[in-house]
Amino acid sequence: MAPVLELRGLRTVFATAAGELPALDGIDLAVSRGEIVALVGESGSGKSVTGFSVTGLLPSVARVVAGSVRLNGTEIAGLRGEAMRRLRGRHVAMIFQDPMMTLNPVLRIGTQMRDALFAHERMGGRAAADRLERALAEVGIAEPRARLRQYPHELSGGMRQRVAIAIALLHGPDLVIADEPTTALDVTIQGQILALVQRLAREKGTALIWITHDLAVVAGIADRIAVMYAGRIVEEGPVDAVLDSPAHPYTRGLIDSVPATHPKGQRLPQIPGRMPTLAELPDGCAFAPRCPRRSGACADRPDPAPAGGGRMVRCFHPLAEGRA
Amino acid sequence: MIEFIIRRVAQAMLVLFVMTLLVFFGVHVIGNPVYIFASSECTRECLDEIMANLGLDLPIWQQYLMFLGNLAEGDLGKSFTFGVPAMSLIWERFPATLELATASLAIAVAVGLPLGLYAGMRPDSLVSRAIMGFSMLGFSVPIFWIGLIFILTFSVRLGWLPSVGRGQTVQVFGVPVSVLTRDGLAHLVMPAFTLSLIMMSMVIRLTRAGMREVLHADYIRFARASGVRERRVIGLHAMKNILIPVVTVLGMEFASVIAFAVVTESIFSWPGVGKMLIDAIAVLDRPLIVAYLIFVVVMFVTINLCVDILYSLLDPRVRVGGGGP
């Protein structure tokens with residue numbers, strides 16, 4: 001079966017005073033029905049840009065210049081206006097990071113949900129209200145009827161994120177792109193939201209891209225993981241294989257910087273330096289300047305290569321499997 | 001809410017007291033109106049008689065106390081010039097000013113909002129730059145100059161529009177209204193547009209700034225990501241957020257447009273309260289000046305109150321007693 005979403009060589013650039021800078025530099029990624037793929041990386045690595053490139057919601061200075069985006073086998077890269085709108089919400093939906101900001105502060109929950117509903121379906125007021133109440137009940141919101149009449153500021157952060165999830169799932173989309181949806185929440189609420197999204201995705205067979213920088217979340221929810229660095233996917237594969245024995249030195253560094261994985265009392269390893277900005281990307285491997293394993297070869301750009309365990313890695317000196 | 005209104009009214013009382021004090025003594029210092037009214041043949045006795053009639057022979061503090069006493073009974077005194085109660089003069093003239101101000105508010109919103117929206121959505125386009133340039137002019141070019149240029153162009157050169165007065169009016173609930181007749185409308189257009197320019201510029205700038213900010217908000221992105229139609233996203237989701245500052249500023253501006261439409265009314269000889277105020281100041285008609293300024297204070301307080309209420313309708317977060325967190 002064809003994957004729900006298939007990205008091939010996706011390239012997105014930002015127009016700046018310094019010229020066009022590549023925010024995404026050849027992204028290949030496929031997500032199948034019912035599969036949860038985590039997109040991991042530091043801020044600025046291009047995780048969110050990937051999501052917005054798919055849904056055509058890039059800021060006005062950015063545009064997709066090359067590559068293909070196939071949704072259910074249909075090319076959608078470069079779709080604009082009404083054609084793109086018809087896909088949004090119905091076939092591909094998004095959930096954002098901060099539930100305080102995702103819902104419009106001056107519109108009732110019911111108004112916002114109804115607008116999302118009527119964006120793709122026509123129905124009477126009574127039927128619509130029933131549908132919205134069911135959608136809210138499904139994401140675990142008590143007294144859905146009363147909630148519809150409330151404003152976002154009258155709900156808690158977790159509740160707001162549930163509302164956003166209910167809106168995103170309203171039309172049973174094939175793909176949901178969740179952009180750090182739990183980062184702004186309390187840990188306990190985080191767990192609830194994670195479990196909720198995971199359950200709904202599995203029940204409905206929704207493909208899910210979970211954008212995050214939190215590896216603990218990844219381990220808990222994802223089937224596969226794609227690690228991004230400076231606009232490229234540097235390692236991609238089944239979540240257990242990648243987290244247990246990373247092949248790319250950057251993935252290794254990321255995992256080592258999580259305090260929980262590290263023996264107590266020892267100095268926490270850090271990745272030296274910082275991610276280069278788009279304007280200062282080196283020609284070769286973008287991670288080379290910070291990499292402990294770099295060599296002369298890294299002045300060239302590494303191509304993706306299989307690394308065992310169903311993995312792909314972009315590195316001239318991958319860590320041997322099991323050496324972790 | 002009640003407490004809020006009471007506090008507002010108390011503040012207004014204080015402002016009223018200070019204002020009457022300033023105006024009363026200020027006008028007294030400027031000069032004695034008797035010398036303006038009396039004919040040149042009037043003798044000393046004749047002058048004294050007029051002063052006694054108007055109560056101007058008493059010491060100023062005594063005059064002020066009498067004024068306060070009358071004010072407490074709701075009597076603002078009679079105009080020196082017309083010999084009729086000042087308030088009735090104001091009420092007679094007020095509909096003309098209110099009509100002019102309302103028309104200019106309508107023009108300011110009807111023209112300013114779409115222009116501001118456009119400039120906010122396409123900030124770099126040539127048209128947007130032209131719009132912003134226009135709004136800058138609207139702020140900085142003096143009203144009297146614009147009014148005169150309009151008269152020169154449309155009345156003198158082209159002969160399209162009349163330049164003086166209200167034209168034909170129709171009684172609506174006993175109040176004369178210009179806007180319902182063709183002739184009245186023709187008279188209204190130029191002064192209303194002239195008066196609207198500053199408000200319009202303000203609406204353009206506020207709407208543009210609001211639009212640019214709101215378009216980057218997550219909730220707009222989320223609405224778009226949910227497939228909500230662009231017209232709905234702009235027309236409701238963005239608009240309701242933008243209107244909050246626009247309404248606040250317009251409300252305050254509207255009050256001062258009503259109160260001080262003086263320049264525009266003078267240029268177009270619009271028979272409103274602004275022109276009346278200028279005439280009253282010219283002849284030191286103290287009761288009329290004081291009555292008018294009291295009227296203005298009351299109006300400001302009322303309009304500000306209305307704005308606060310409107311504001312809470314637009315923004316549920318400030319709604320009083322709204323049961324928020």
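A few points on the structure. For clarity, every value in this text was computed on a predicted model and none was experimentally measured.

**Focus: the packing of helix α6 (residues 126-140) of chain B against helix α8 (residues 182-215) of chain B**
Residues and elements named next belong to chain B. Two elements in contact, α6 and α8, have axes whose closest approach is 8 Å; the angle formed by their N-to-C orientations is 140°. The pairing of α6 with α8 is recorded here as oblique in orientation. When you trace α6 past α8, the crossing you get is left-handed. Note on element contacts: α8 touches α6 through L197, I198, M200, S201, M202, I204, R205 and R208, opposite I131, M132, F134, S135, M136, G138 and F139. Taken together, the residues of the contact of α6 with α8 break down into 10 nonpolar, three polar and two charged.

**Some thoughts on helix α11 (residues 249-256) of chain A**
All names here are of chain A. Of all eight residues in α11, seven are buried; the element is thus mostly enclosed. Residues P249, Y250, T251, R252, G253, L254 and I255 constitute the buried set of α11. Elements that come into contact with the buried residues of α11 comprise β3 (36-40), α9 (215-221), β9 (224-229), β10 (232-238) and α10 (239-244).

**So, the side chain of D179 of chain A**
Residue and element names in this part refer to chain A. You can see D179 is positioned in strand β7 (residues 175-179). K47 provides the closest opposite charge to the buried, unpaired D179, separated from it by 6.5 Å. Those residues in contact with D179 that sit more than four places away from it in its chain are S48, F52, I95, F96, Q97 and I211.

**Topic: the pairing of strand β1 (residues 5-16) of chain A**
Regular strands have side chains that alternate between both faces of the sheet. Residues and elements named next belong to chain A. Note: β1 against strand β4 (residues 62-71), eight bridges, orientation antiparallel. By the bridge assignment for β4, E6 is matched with R70. Two strands pair when backbone bridges link them, and β1 and strand β2 (residues 19-31) are joined in this way by 10 bridges, in the antiparallel orientation. Its bridge partner lying in β2, A15 is registered against E20. With antiparallel pairing between neighbouring strands as the criterion, β1 and β2 make up a hairpin whose turn holds two residues.

**Focus: the interface of chain B and chain A**
Between chain B and chain A, the residue contacts involve 25 residues of the former and 28 residues of the latter. Across the chain B/chain A interface, buried area totals approximately 2400 Å², and carbon plus sulfur atoms make up 61% of it. Summed over the shared surface of chain B and chain A, the result is one salt bridge. The shortest N-O distance in the salt bridge between D115 of chain A and R232 of chain B comes to 2.8 Å.

**A look at unusual backbone geometry**
All names here are of chain A. Of note in the backbone geometry, E143 takes a positive phi value of approximately 50° without being a glycine. Along the polypeptide, E143 turns up in the loop between α5 (125-138) and α6 (144-148). The phi dihedral of A230 falls on the positive side, at around 50°, and the residue is not glycine. As for its placement among the helices and strands, A230 is situated in the loop between β9 and β10.

**Remarks on a nonpolar patch on the surface**
Residue and element names in this part refer to chain B. A surface patch of nonpolar side chains, about 660 Å² in accessible area, is lined by F144, W145, L148, I149, L152, V156 and V263. The topology assignment puts F144 in helix α7 (residues 143-157). What makes F144 partly exposed here is its relative accessible area of 45%.

The rules behind the values
- Residues numbered from 1 in each chain as written.
- Chains lettered and ligands numbered in written order.
- Predicted model: local features only at pLDDT ≥ 70, side-chain atom pairs only at ≥ 80, totals over all residues.
- Heavy atoms only, no water.
- Axes fitted to C-alpha atoms, helices over the stretch in contact; angles between N-to-C directions.
- Helix = DSSP H or I, 4+ residues; strand = E, 2+ residues; numbered from the N terminus.
- Parallel < 35°, antiparallel > 145°, perpendicular 65-115°, else oblique.
- Left-handed = near helix turned anticlockwise from the far one by under 90°.
- Contact = heavy atoms within 4.5 Å.
- Nonpolar A, V, L, I, M, F, W, Y, C, P; charged D, E, K, R; others polar.
- Buried < 20%, exposed > 50% of the residue type's maximum accessible area, 1.4 Å probe, protein only.
- Lys, Arg positive; Asp, Glu negative; His and termini not counted.
- Salt bridge = Lys/Arg side-chain N within 4 Å of Asp/Glu carboxyl O.
- Pairing = 2+ DSSP bridges.
- Buried area = accessible area lost by both parts, 1.4 Å probe.
- Patch = residues over 30% accessible without salt bridge, like charges linked within 9 Å, V, L, I, M, F, W, Y side chains within 5 Å.
- Areas by Shrake-Rupley, 256 points an atom, 1.4 Å probe, with all protein chains shown as cover.

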